[in-house]
Amino acid sequence: MLGKAQETMDTYIDSSEKLKNLYKRVLIVVSLSQIFGGAGLAAGITVGALLAQQMLGTDAYAGVPSALFTLGSAGAALIVGKLSQRYGRRTGLSSGFFVGGLGAIGVVIAAMMNSVILLFASLLIYGAGTATNLQARYAGTDLANEKQRATAISTTMLMTTFGAVLGPNLVESMGRFALLMGVPPLAGPFILSSIAFILAGLVLFILLRPDPLEIATMIEAHKQENEYGNKTESLNKKALNKRGLTVGATVMVLTQIVMVAIMTMTPIHMKHHGHGLSEVGIVIGFHVGSMYLPSLVTGVLVDKIGRTAMSIASGVTLLCAGLLAAFAPSDSMVLLIVALSLLGLGWNFGLISGTAQIVDSTESSTRAKTQGKIDVLVALAGASGGALSGMVVANASYATLSLTGGLLSLILIPVVIWSRKA
């Protein structure tokens, strides 16, 4: 086994062309898995609250599914990161998708048995699919050089969009299919989720060979053996890496809090001012599109003009979104669409530039584990933003929430400047 591993490593060390081809192949495999993963994620989230409402007979706990997704994804992010570090991306990511698929199957069984306890437990497990879908963006960067990393991240995020758009559009069809099988219609999308997550896991388990993280770790170890830097240089590099992790994590956490807080309360704000469900759907549709569709361009910009510039752009864009949402007339659909589109775009800038910073600041030997820990923070930040947003609006107003979110995003600028000067 050791001889085979050495032979594999030598193959990619000796041939940059083979390493380049492997990088492209990994990106294709991960992107394919993201299409399935996005479908599994979106189909379930679309009806999770409605299913809980139907089974409980009240809308008082309709927000519980979202909270359970978040908690489940936070815990799974940590576990998937550790599994990936120890056994490779192939094992970590495929396991996460398989567990998410089992959670979706559990939701279907819970609906058939009308068991609320099983429903909530299954939704928690289903969150593993959510976390894995996000973690997969890192796999495409393992073999990328510094000028390719953000583009690799954005490519996989763009592929998620196709699945995320497809999933909700199949809700009605899956509801009819569920009825034919004797399953409650609202559980139908979770049948799709289970199939999609399991297919995503199979794609990675079968096709992600050789494992990109294992190859990257072996190549990095080989380089370290052949480089004779002094101790001071090594300490300086570690200090730079710590600053990079701090900045990358701060960018992602802040953008997540601001985006989730304003997004969560926008439908309620619109309903209070006479907008119908179709209008709410249009605004949120533009928002979600702005979160993912610009990804390919964003990745190129992050690689070309730098992580720092795009992190600052994220803060400025989120500020503009907050100001516009706060001061736009409540009856203006156009301005709300622009505000929520800017909100999605600012989040996109922040997530891709922050993720690229994290990859730049980690070594293959600890990368996956570190990435998992940071994704836990991002998930918890989203949960906090959603929970606090309701309190702010209840005690003040939507305008106050939007303005506060916009101003909070400005913290990104001094943090990024500090990283450059430190």
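Remember, predicted model here, so these are calculated numbers, not experimental data.

### A short note on the packing of aromatic side chains
Evaluation of the coordinates by the stated rule reveals four aromatic pairs. Aromatic side chains Phe97 and Phe197 sit 5.9 Å apart centroid to centroid with 35° between the ring planes, which places their arrangement in the tilted category. Linking Phe97 in helix 4 (residues 89-113) with Phe197 in helix 8 (residues 188-207), this pair joins segments that are 100 residues apart in sequence. Assessed through its relative accessible area of 0%, Phe197 is described here as buried. The interplanar angle of 65° and the centroid separation of 5.7 Å between the aromatic rings of Tyr292 and Trp347 together place this pair among those described as edge-to-face. On the criterion of sequence distance, the pair formed by Tyr292 in helix 11 (residues 277-292) and Trp347 in helix 14 (residues 333-360) is long-range, its members being 55 residues apart. An aromatic cluster is present here, built from Phe97, Tyr126, Phe190 and Phe197 joined pairwise through their rings. The ring of Phe205 has Arg90 lying over it, and the distance from NZ or CZ to the ring centre is 4.1 Å. When the ring centre of Phe205 is taken as origin, the NZ or CZ atom of Arg209, which lies over that ring, is 5.8 Å away.

### A word on the packing of helix 13 (residues 307-327) against helix 16 (residues 398-409)
Running from N to C, helix 13 and helix 16 point in directions that differ by 165°, and their axes come no closer than 7 Å. In terms of axis orientation, helix 13 runs roughly antiparallel to helix 16. Where helix 13 crosses over helix 16, the handedness of that crossing is left-handed. Residues Gly315, Leu318, Leu319, Gly322, Leu323, Ala325, Ala326 and Phe327 of helix 13 pack against Tyr398, Ala399, Ser402, Leu403, Gly406, Leu407 and Ser409 of helix 16. Taken together, the residues of the contact of helix 13 with helix 16 break down into ten nonpolar, five polar and no charged.

### Focus on the packing of helix 5 (residues 116-139) against helix 15 (residues 367-395)
The interhelical angle for the contact between helix 5 and helix 15, taken along N-to-C directions, is 140°, at an axis separation of 11 Å. With respect to their mutual orientation, helix 5 and helix 15 come out oblique. In the packing of helix 5 onto helix 15, the handedness of the crossing is right-handed. Contacts from Leu134, Gln135, Arg137 and Tyr138 in helix 5 reach Gln371, Gly372 and Asp375 in helix 15. Its residues assigned to classes, the contact of helix 5 with helix 15 comprises two nonpolar, three polar and two charged.

The rules behind the values
Residues numbered from 1 in each chain as written. Predicted model: local features only at pLDDT ≥ 70, side-chain atom pairs only at ≥ 80, totals over all residues. Heavy atoms only, no water. Phe/Tyr/Trp six-rings, centres within 6.5 Å; stacked < 30°, edge-to-face > 60°. Helix = DSSP H or I, 4+ residues; strand = E, 2+ residues; numbered from the N terminus. Buried < 20%, exposed > 50% of the residue type's maximum accessible area, 1.4 Å probe, protein only. Lys NZ or Arg CZ within 6 Å of the ring centre and 35° of its normal. Axes fitted to C-alpha atoms, helices over the stretch in contact; angles between N-to-C directions. Parallel < 35°, antiparallel > 145°, perpendicular 65-115°, else oblique. Left-handed = near helix turned anticlockwise from the far one by under 90°. Contact = heavy atoms within 4.5 Å. Nonpolar A, V, L, I, M, F, W, Y, C, P; charged D, E, K, R; others polar.

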